[in-house]
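Examining the three-dimensional arrangement
Here's the letter readout for the chains.
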Amino acid sequence: MDFTIFIIAMAVLVYGADFIIKESERIALHFNISHFVIGATLIAFGTSLPEMAASVMASSEGKSEMAVANVVGSVIFNIVLVLGIVFFIAKNMNPKRDLFALDSAWVVVPVLVFIVMLQDGVISRIDGIIFLLIMLSYIIFLFTSSKDDLAGEIDEDLAKEKFNWLKTLLLLAVGFTLTIGGANFVIESGTNIAREFGVSEWLIGIFLISLGTSLPELVVSLVAIKKGNAEMSIGNIIGSNVANFSMVLGLASLVNPLSVNINTVSFDILIMIVASITLVFILANRLYNKTGSIFLLAILALFIQNALI
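Residues numbered from 1 in each chain as written. Predicted model: local features only at pLDDT ≥ 70, side-chain atom pairs only at ≥ 80, totals over all residues. Heavy atoms only, no water.

Below, the discussion takes up the overall build of the protein chain. When you go through the protein chain residue by residue, the secondary structure sums to twelve helices and two strands. Traced from its N-terminal end to its C-terminal end, the protein chain shows the element sequence α-α-α-α-α-β-α-α-α-α-α-β-α-α. For the protein chain, the exposed area adds up to about 13600 Å²; of that, 68% sits on carbon and sulfur atoms. (Helix = DSSP H or I, 4+ residues; strand = E, 2+ residues; numbered from the N terminus. Areas by Shrake-Rupley, 256 points an atom, 1.4 Å probe, with all protein chains shown as cover.)

Dropping the structure here:
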């Protein structure tokens, strides 16, 4: 039964992602907003809801390390798995936006702030407020720095359609509901399958939960690539990772201060740092191809190998 639920949930994920991309394009066209900004804000916040729900719930139950591990794992998977696959399958991926000059700092700064906050072993409520301010700063930065022309980005058929707020918001809500709901069922059924095969709770937590909460980003990014929206897929990942640190950890630490033994998660944090630096290297050299993919997937293999030892 769990296998059947798993397959159906994956199909629902893909179906919901298609709604999200199409309705996001409508909003981008109506407000003359670039695909990157839509991906880094609206889509990123929506696909980060599973991480937020998982971490806030873990925090409310006093499971601090689970709340933090979920974010760290999701950030790793977003970069090395999602972008690793996107870069591998994408053809002629050539974003107009200068991602290195404009956005590389937002890949690294949240990670550095997170590491500094962990030095005393606690992410306090004050730290949570600082994280939320980072999120606000990121949103302001996106809308003041994006001067991209939408010419050539939007589907011509969409451009001919009349914009309807009610219809767009309704379909967008349906898309997020299907995507996030599908991800939840994938996590639950996948966890049950793993337990049947004797997989440990730690591996379930670091892989299935983190991977499961990253599924919306993966599916939405793949659908965006299929529709030729390269900037939307990259924007989704960068925005999602900023949201994971600032919004997810920020809200979770406001519920309860998060205590973490940095020694027990040092390797995972190291992998996250390496993944983030590698992404900046890819942005600097515009390696949006199989070469960039190999770098990221190699880090993923190292991460999995260490966890299985």
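Once that is clear, we can look at the packing of helix H6 (residues 125-145) against helix H10 (residues 230-255). Contact pair H6 / H10: the axes reach a minimum separation of 7 Å and the direction vectors enclose 150 degrees. Regarding the angle of H6 to H10, the classification is roughly antiparallel. Considering the relative orientation of H6 and H10, their crossing is left-handed. For the contact of H6 with H10, the per-class residue count stands at 15 nonpolar, five polar and one charged. (Axes fitted to C-alpha atoms, helices over the stretch in contact; angles between N-to-C directions. Parallel < 35°, antiparallel > 145°, perpendicular 65-115°, else oblique. Left-handed = near helix turned anticlockwise from the far one by under 90°. Nonpolar A, V, L, I, M, F, W, Y, C, P; charged D, E, K, R; others polar.)

So, on to the environment of Leu 171. With respect to the secondary-structure elements, Leu 171 resides in helix H8 (residues 165-196). For the pair Leu 171 and Ser 24, spaced 147 residues apart in sequence, the C-alpha separation works out to 10.0 Å.

To continue, consider the environment of Ile 89. As for its placement among the helices and strands, Ile 89 is situated in helix H4 (residues 64-89). Ile 89 sits 199 residues away from Tyr 288 along the chain, and the two C-alpha atoms are 10.0 Å apart.

For helix H2 (residues 35-47), spanning 13 residues, the distance from its first C-alpha to its last is only 16 Å, which falls clearly below the expected 18 Å at 1.5 Å a residue. By the criterion of burial, H2 is predominantly enclosed, with eleven of the 13 residues buried. Among the residues of H2, His 35, Phe 36, Val 37, Ile 38, Gly 39, Ala 40, Thr 41, Ile 43, Ala 44, Gly 46 and Thr 47 are the ones counted as buried. (Expected span 1.5 Å × (residues − 1). Buried < 20%, exposed > 50% of the residue type's maximum accessible area, 1.4 Å probe, protein only.)

Right, let's get into the pattern of salt bridges. Enumeration according to the criterion identifies one salt bridge in this entry. Ionic pairing is found between Arg 97 and Asp 103, a salt bridge with its closest N-O pair at 2.7 Å. Neither Arg 97 nor Asp 103 differs from the other in exposure class; each is buried. (Salt bridge = Lys/Arg side-chain N within 4 Å of Asp/Glu carboxyl O.)

What follows is about empty space enclosed by the protein. Counted according to the given criterion, the structure contains two cavities of 30 Å³ or more. Residue lining of the largest cavity: Val 75, Ile 79, Trp 106, Val 107, Pro 110, Val 111, Ile 238, Asn 241, Val 242, Phe 245, Ser 276 and Leu 279, and that is the complete set. Those elements that provide at least two residues to the lining of the largest cavity are H4, helix H5 (99-118), H10 and helix H11 (266-285). Residues that form the lining of the largest cavity fall into these classes: ten nonpolar, two polar and no charged. (1 Å grid on protein atoms, 1.4 Å probe; cavity = no way out; pocket = protein on both sides within 12 Å on 5 of 7 lines; lining within 4 Å. Points joined across faces, edges and corners; volume = space filled by probe spheres on them.)

For the rest of this paragraph, the subject is the nonpolar core. Residues Phe 87, Met 93, Phe 114, Phe 245, Leu 249 and Met 272 are the most contacted members of the largest nonpolar core, which totals 77 residues. Top contributing element to this core by residue count: H4, with 14 residues. Once residues within four sequence positions are removed from consideration, Phe 245 is found in contact with Val 71, Val 75, Pro 110, Val 111, Phe 114, Phe 131, Gly 250 and Met 272. (Core = buried A, V, L, I, M, F, W, Y, C linked by side-chain atoms within 4.5 Å. Contact = heavy atoms within 4.5 Å.)

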